[in-house]
Amino acid sequence: MSDMQIRNLRPDEISIAIDWAAAEGWNPGLRDAACFAIPDARGFFVGEIDGEPVASVSCVTYDDRFAFLGFYIVRAGFRGRGLGLRIWNAAIAHAGARVIGLDGVVAQQDNYRKSGFQLAYANIRYGGIIAAPPKPPAEIVALDAIPFAIVEADDATVFPAPRAAFLRAWIDTPGHVGRALLRDGKLAAWGVIRPCRTGRKIGPLVADDRAAAEAVLQALLASPGSDEIVLDIPAVNRDAIALAESLGLKPTFETARMYTGPIPSLRLDRVFGVTSFELG
């Protein structure tokens, strides 16, 4: 068997990594591939042996200061040969001097520390069936009715780098539904729900407080689709945890949000739902 060759995945090949993620139980969105390709066309990597894909990783650069790492997978049968470390190093090199974030399984924290990552906080995945959500309040509007510059500015309080092109695609992609809450003419909360391999995921969900988050969440749940819901929440946001539990959602999975370099200062009290464990 020849040595592994590493190359960039083309945008139309990102589904390879997404299918592997689905096989690992990560439950990606049905239309994630097109959105994930937007921020950094050279941010996805595949390792091949004799032309067969055996390993993947992404390290998406958002600007000259921040990148996010995900899709770190070595296929069963090819593990334990050092292939993962090789493709990992290629991803890290792609980031250059940028601070890198990731959401890693708890069991791998020690390995990530060896690569210079430090723990910032835990993210907890909540899931379950919400059969009859309450009727959303009248102040709810479609997210695309809000001037995009306002949404982008609000997103800057909860994400470490500008991501306008990605965010616009995330909102506008067919099948994705966005809702927002206005208070006194100002944006108080907004979020997106999308169909996944199983059920639907809500993310991002950004709000000034629990009441605003709940209003938008109710509106998202009222859109057509599966009653099985997934919501990824920073564990430090106790209001978000309480909201998920009040809806009967249960914790199913946990990741460690880690960064190289300085931990970004973000309004985690406003993050009621993480956009994606793969891209941040």
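Going by the structure above, here's the rest.
The following paragraphs examine the structure supplied in this document. Since the structure is predicted, the reported quantities are computational estimates derived from the model, not experimental observations.

**Quick word on the overall build of the protein**
Moving on, step 1. Regarding its fold elements, the protein presents eight helices and 13 strands.
Moving on, step 2. On C-alpha atoms alone, the protein measures out to a radius of gyration of 19 Å, which is about the 19 Å that the 2.2 N^0.38 rule sets for 280 residues.
Moving on, step 3. Seen through its C-alpha atoms, the protein measures out along the principal axes to roughly 60 × 35 × 30 Å.
Moving on, step 4. Per-residue burial over the protein gives 54% buried out of 280 residues.
Moving on, step 5. If you take every contact in the protein between residues at least 6 apart in sequence, the share linking residues at least 24 apart comes to 73%.
Moving on, step 6. Carbon and sulfur atoms provide 52% of the accessible area of the protein, an area that totals close to 11800 Å².
Moving on, step 7. In the protein, 29 positive and 32 negative side-chain charges are present, and the distance between their average locations comes to 1 Å.

**Some remarks on helix 3 (residues 83–95)**
Moving on, step 1. With 13 residues, helix 3 extends 19 Å from end C-alpha to end C-alpha; this agrees with the ideal 18 Å at 1.5 Å per step.
Moving on, step 2. Against the buried residues of helix 3 lie strand 1 (5–8), strand 2 (44–49), strand 3 (52–61), strand 4 (66–74), strand 5 (99–105) and helix 4 (109–114).
Moving on, step 3. Gly-96 sits one or two positions beyond helix 3 and adopts a positive phi of about 65°.

**A look at the environment of Gly-248**
Moving on, step 1. As for its position among the elements, Gly-248 is in the loop between helix 8 (238–246) and strand 12 (250–259).
Moving on, step 2. Relative accessible area serves as the criterion here: at 37%, Gly-248 is assigned to the partly exposed category.
Moving on, step 3. In the structure, Gly-248 is positioned 239 residues away from Leu-9 in sequence and 39 Å away in space, judged by C-alpha atoms.

Quick notes on the rules
- Residues numbered from 1 in each chain as written.
- Predicted model: local features only at pLDDT ≥ 70, side-chain atom pairs only at ≥ 80, totals over all residues.
- Heavy atoms only, no water.
- Helix = DSSP H or I, 4+ residues; strand = E, 2+ residues; numbered from the N terminus.
- Rg over C-alpha atoms; globule rule 2.2 N^0.38 Å.
- Buried < 20%, exposed > 50% of the residue type's maximum accessible area, 1.4 Å probe, protein only.
- Contact = heavy atoms within 4.5 Å.
- Areas by Shrake-Rupley, 256 points an atom, 1.4 Å probe, with all protein chains shown as cover.
- Lys, Arg positive; Asp, Glu negative; His and termini not counted.
- Charge placed at Lys NZ, Arg CZ, Asp CG, Glu CD.
- Expected span 1.5 Å × (residues − 1).

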